[in-house]
Amino acid sequence: MASVEARLAALAETIRRRQFAHEGPMDALSRSLEELEGELLGLDDLGKAVLLAELNREGEDGAEAVDLTPEDLEQWITDVRENKKLIW
């Protein structure tokens, strides 16, 4: 059953990307967010751990840590998989 759901999610993502392609040129922010969505969907367990460590560490430029939990990250990935928009 999970493979059917994964296939449906992949098809929905393909349709969404094609719709965006027909809407005209994509601005840099939209393109960046789309790339982030793709990266989130491709993360394995190690990649998730690395991303959490990066997001939860204060930046050298003074940027604050995000303080995400592993559960927050999993929900974020689920939202992207279900074609919900990333909201910052």
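Quick caveat, the model's predicted, so the values are computed rather than measured.

Undergrad: Can you walk me through the pattern of salt bridges in this structure?
TA: Side-chain pairs of opposite charge can arise whenever the charged atoms involved come near each other. Across all of its chains, the model carries one salt bridge by this definition. Glu-74 is the partner of Lys-48 in a salt bridge, and the nearest nitrogen-oxygen pair spans 2.8 Å. Linking Lys-48 in helix H3 (residues 45-55) with Glu-74 in helix H4 (residues 70-81), this pair joins segments that are 26 residues apart in sequence. On the accessibility criterion, Lys-48 (16% relative accessible area) is buried. Glu-74 gets classed as partly exposed once you look at its relative accessible area, which sits at 36%.

Undergrad: Where do I start with the nonpolar core in this structure?
TA: Membership of the largest hydrophobic core is limited to eight residues, which are Leu-40, Leu-51, Leu-52, Leu-68, Leu-73, Trp-76, Ile-77 and Val-80. Elements represented by at least two residues in this core include exactly H3 and H4. The element contributing the most residues to this core is H4, with four residues. Apart from the residues within four sequence positions on either side, Ile-77 is in contact with Leu-40, Leu-41 and Lys-48.

Analysis parameters
- Residues numbered from 1 in each chain as written.
- Predicted model: local features only at pLDDT ≥ 70, side-chain atom pairs only at ≥ 80, totals over all residues.
- Heavy atoms only, no water.
- Salt bridge = Lys/Arg side-chain N within 4 Å of Asp/Glu carboxyl O.
- Helix = DSSP H or I, 4+ residues; strand = E, 2+ residues; numbered from the N terminus.
- Buried < 20%, exposed > 50% of the residue type's maximum accessible area, 1.4 Å probe, protein only.
- Core = buried A, V, L, I, M, F, W, Y, C linked by side-chain atoms within 4.5 Å.
- Contact = heavy atoms within 4.5 Å.

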